[in-house]
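Here's the letter readout for the chains.
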Amino acid sequence: MIKIPSQVNRALKILYDNGYSAYVVGGAVRDAFMGRSADDWDITTSALPQEILKAFNGFRVIETGIKHGTVTAIVEGMSIEITTYRVDGGYSDNRHPDSVRFTGRIEEDLMRRDFTMNAVAVSPGGETVDPFGGRDDIEKRLIRCVGEPEKRFKEDALRILRALRFSSVLNFKIEENTAESIHKCRELLKNVSCERIFAELCKLLCGQAAERILTDFSDVIFAVLPELEPMKNCGQKNPYHIYDVWIHTVRSVAAVAPERELRLAMLFHDSGKPKTKFTDENGIDHFYDHAKVSREIAEKSLARMKTSNKLRETVSGLVEYHDFCPHKISKKTYRRYIALLGADTVRSLFEIRRADSAAHAPFVYEQTLKENITGLKILEEIEKEDSCFSIKDLKINGKDLEKSGIEPSPLMGEVLERLLDEVMDDKTENEKEALLKRASELAKGAGNGNS
């Protein structure tokens, strides 16, 4: 028996009381059998869409999926998707069914689903309908397609990435025939929207088995991010490295905290190395300016995936500055980093450095940990000093300058920028009187053609 929320049980009872059969099905059932908490509960039923609407008269319902037999009912504050048993038609676009046909048999509905672990249905009384051995596969921690794998992936190419995502997040292995078809059908992912690909990719990257998936299914990753393929088998012959660029990248992704921005940064941080590789006369490999090239690759890739500007800027900043040396820079330089990237991103750079070094030669990791301790102490000192990192942190503003005789103009903006630079460089105190005095000097100097 699995524990079904009271709201879902109420919805099932409504359907049964109206003479229809109904089951909970899909990911929530899978998670319940695994002992995991489940939030999104789906019901499948013999009731036709209009019959579902009639049964839930008096409840708030959303009909957006009614064409394909899905109605969302709001029961005691919970959204529950209720779908008529159905059989899908052909998939000419490798993504969506061309048509659906409603059926009265739960077994036919389960037959159209992606993986056996998601094709288990449970009735309110605890009866389990499991025609494809999904419960056994859950116990074996195995991802296996319902029916012929290649057919499943040709129907909906997104299932390729869903299989990898489930494998990464749940740490399930992928059954041999299913894995073979994933490799074979990977180019079908070109028919899937970049938004859906990116959503699955991020979940995959943050999974507990991301390293295994990125290693075993690198060809699938390269099918959606071809910019990364040159990293594979790109050697790094120098004392600091023991892996090629791709294996180093994979290991560093697994080493960083499982947060989306951090894992994306590690995925792209060395993507510019193949383009910048230089081997000297002693056979030692160097990668000058690879961080800037990596940033360009990250920006273009994330833009193609139609990510938000904020995400793109955060990830790109972490990529470009992943090699910063916190133990060597002054407080002045630290302030510049914070002004450019923001305090949160600068703090994240320490985690980026730690994960990056974990995929280097062993001595690099120990050295980096010591350097991070030194750098974090400096950062903490700066954070306690009420430092100035942007114009809004200055103890004066445009109105103060206007009162002192500097009219709103490009010159005012230039003066404020110059004041910020001098405060961050400890050349001018961040105090109102000192700032006004220096602002007057700067304005007069500009008027005389001096800087």
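Every chain begins its residue count from 1, and numbering advances along the sequence as written. Reporting of local features is limited, given that this is a predicted model, to residues whose pLDDT is at least 70; pairs of side-chain atoms are given and counted only at 80 or more, and all residues count toward the totals for whole chains, interfaces and linings. To obtain the side-chain values, all non-hydrogen atoms of the structure were used and water was disregarded.

Caption draft 1: Structural detail: helix α21 (residues 410-424). In DSSP terms, a helix is any run of H or I states spanning at least four residues, a strand is any run of E spanning at least two, and both are numbered starting from the N terminus. Residue count minus one, scaled by 1.5 Å, sets the expected span of a helix. The terminal C-alpha atoms of α21, which comprises 15 residues, lie 21 Å apart, in line with the 21 Å expected from a rise of 1.5 Å per residue. For the exposure calls, accessible area comes from a 1.4 Å probe over protein chains only, and a residue counts as buried if that area is under 20% of its type's maximum, exposed if over 50%, partly exposed in between. Looking at α21, one finds that the buried residues are Met412, Val415, Leu416, Leu419, Leu420, Glu422, Val423 and Met424. A positive phi of about 65° marks aspartate 426, the residue just after α21.

Caption draft 2: Looking closely at the pairing of strand β1 (residues 22-25). Along β1, one buried face is formed by Ala22 and Val24 and the opposite face, lined by Tyr23 and Val25, is buried too. As paired elements, β1 and strand β8 (residues 121-122) share two bridges and run antiparallel to each other. The residue bridging valine 24 from the neighbouring strand is valine 122, located in β8. Any two strands are treated as partners once DSSP identifies two or more bridges connecting them.

Caption draft 3: Spotlight on the nonpolar core. Ranked by size, the top nonpolar core spans 75 residues in total, and within it Leu164, Ile182, Trp246, Phe268 and Tyr334 carry the most contacts. The contact criterion used is simple: two residues touch if any of their non-hydrogen atoms lie within 4.5 Å. Residues in contact with tryptophan 246, not counting those within four places in the same chain, are Leu214, Ser218, Ile221, Phe222, Leu228, Met231, Lys232 and Leu267. Among the nonpolar cores identified, the runner-up in size contains 28 residues, and Ala28, Ile80, Ile82 and Val122 belong to it. Joining through side-chain atoms within 4.5 Å is the link that ties buried Ala, Val, Leu, Ile, Met, Phe, Trp, Tyr and Cys residues into a set, and such a set is a nonpolar core.

Caption draft 4: Structural detail: the packing of helix α17 (residues 331-341) against helix α19 (residues 362-384). Where α17 meets α19, the closest approach of the two axes is 10 Å, and the angle between their N-to-C directions is 75°. Looking at the two axes, α17 sits roughly perpendicular to α19. Judged by residue contacts, Lys331, Tyr334, Arg335 and Ile338 of α17 engage Gly375, Leu376, Ile378, Leu379, Glu381 and Ile382 from α19. Under the scheme applied here, ten amino acids are nonpolar (Ala, Val, Leu, Ile, Met, Phe, Trp, Tyr, Cys and Pro), four are charged (Asp, Glu, Lys and Arg), and all others, including Gly, are polar. Within the contact of α17 with α19, the residues separate by chemical class into six nonpolar, one polar and three charged. Only the stretch in contact is used when a helix axis is fitted, and all axes are lines through C-alpha atoms; the angle between N-to-C directions ranges over 0 to 180 degrees. Angular relationships are summarised with four words: roughly parallel below 35 degrees, roughly antiparallel beyond 145, roughly perpendicular across 65 to 115, and oblique for the angles in between.

Caption draft 5: Representation of helix α16 (residues 309-320) within the structure. Counted at 1.5 Å a residue, the expected span for α16 with its twelve residues is 16 Å, and the 16 Å between its end C-alpha atoms agrees. If you check which residues of α16 are buried, you get Leu311, Arg312, Val315, Ser316, Gly317, Leu318, Val319 and Glu320. Check the buried side of α16 and you find it contacts α9 (194-205), α13 (260-268), α15 (290-304), α17 and α18 (343-358).

Caption draft 6: Spotlight on the packing of aromatic side chains. Pairing of aromatic side chains requires ring centres within 6.5 Å, counting the rings of Phe and Tyr and the six-membered ring of Trp. Pairs whose planes differ by under 30 degrees are stacked, by over 60 edge-to-face, and all others tilted. By the definition in use, this model includes eight aromatic pairs. Taking the centre distance of 5.5 Å and the plane angle of 85° together, the rings of phenylalanine 324 and phenylalanine 350 count as edge-to-face. With phenylalanine 324 in the loop between α16 and α17 and phenylalanine 350 in helix α18, this pair connects stretches of sequence that are 26 residues apart. Clustering of aromatic rings is evident, with ring pairs tying together Tyr321, Phe324, Tyr337 and Phe350. Distance and angle both matter: a charge sits over a ring if NZ of Lys or CZ of Arg is within 6 Å of the ring centre and within 35 degrees of the ring normal. The aromatic ring of phenylalanine 287 is capped on one face by lysine 273, whose charged end is 4.8 Å from the ring centroid.

Caption draft 7: Just the sheet that holds strand β4 (residues 70-75), in detail. Taking strand neighbours across the sheet as the criterion, the seven strands line up as β3-β4-β5-β2-β1-β8-β9 in an open arrangement whose pairing is mixed. Two strands lie at the open edges of the sheet, namely β3 (60-62) and β9 (128-129), each paired on one side alone. Where β4 meets strand β5 (residues 78-84), six bridges bridge the pair, whose relative direction is antiparallel. Across the sheet, the residue bridging to threonine 70 is threonine 83, located in β5.

Caption draft 8: How the structure looks around the side chain of threonine 307. Looking at where threonine 307 falls in the secondary structure, it is placed in the loop between α15 and α16. Given a relative accessible area of 9%, threonine 307 falls into the buried group.

Caption draft 9: Examining the environment of lysine 3 more closely. Turning to its location among the elements, lysine 3 is positioned in the segment before α1 (6-17). Given the relative accessible area of 78%, lysine 3 is considered exposed. The sequence separation of lysine 3 and lysine 444 amounts to 441 residues, and the corresponding C-alpha distance is 76 Å.

Caption draft 10: View of the pairing of β5. Summarising burial for β5: five of the seven residues are buried, a large majority. Count of turn residues in the β4/β5 antiparallel hairpin: two residues, of which glutamate 76 carries a positive phi of about 50°.

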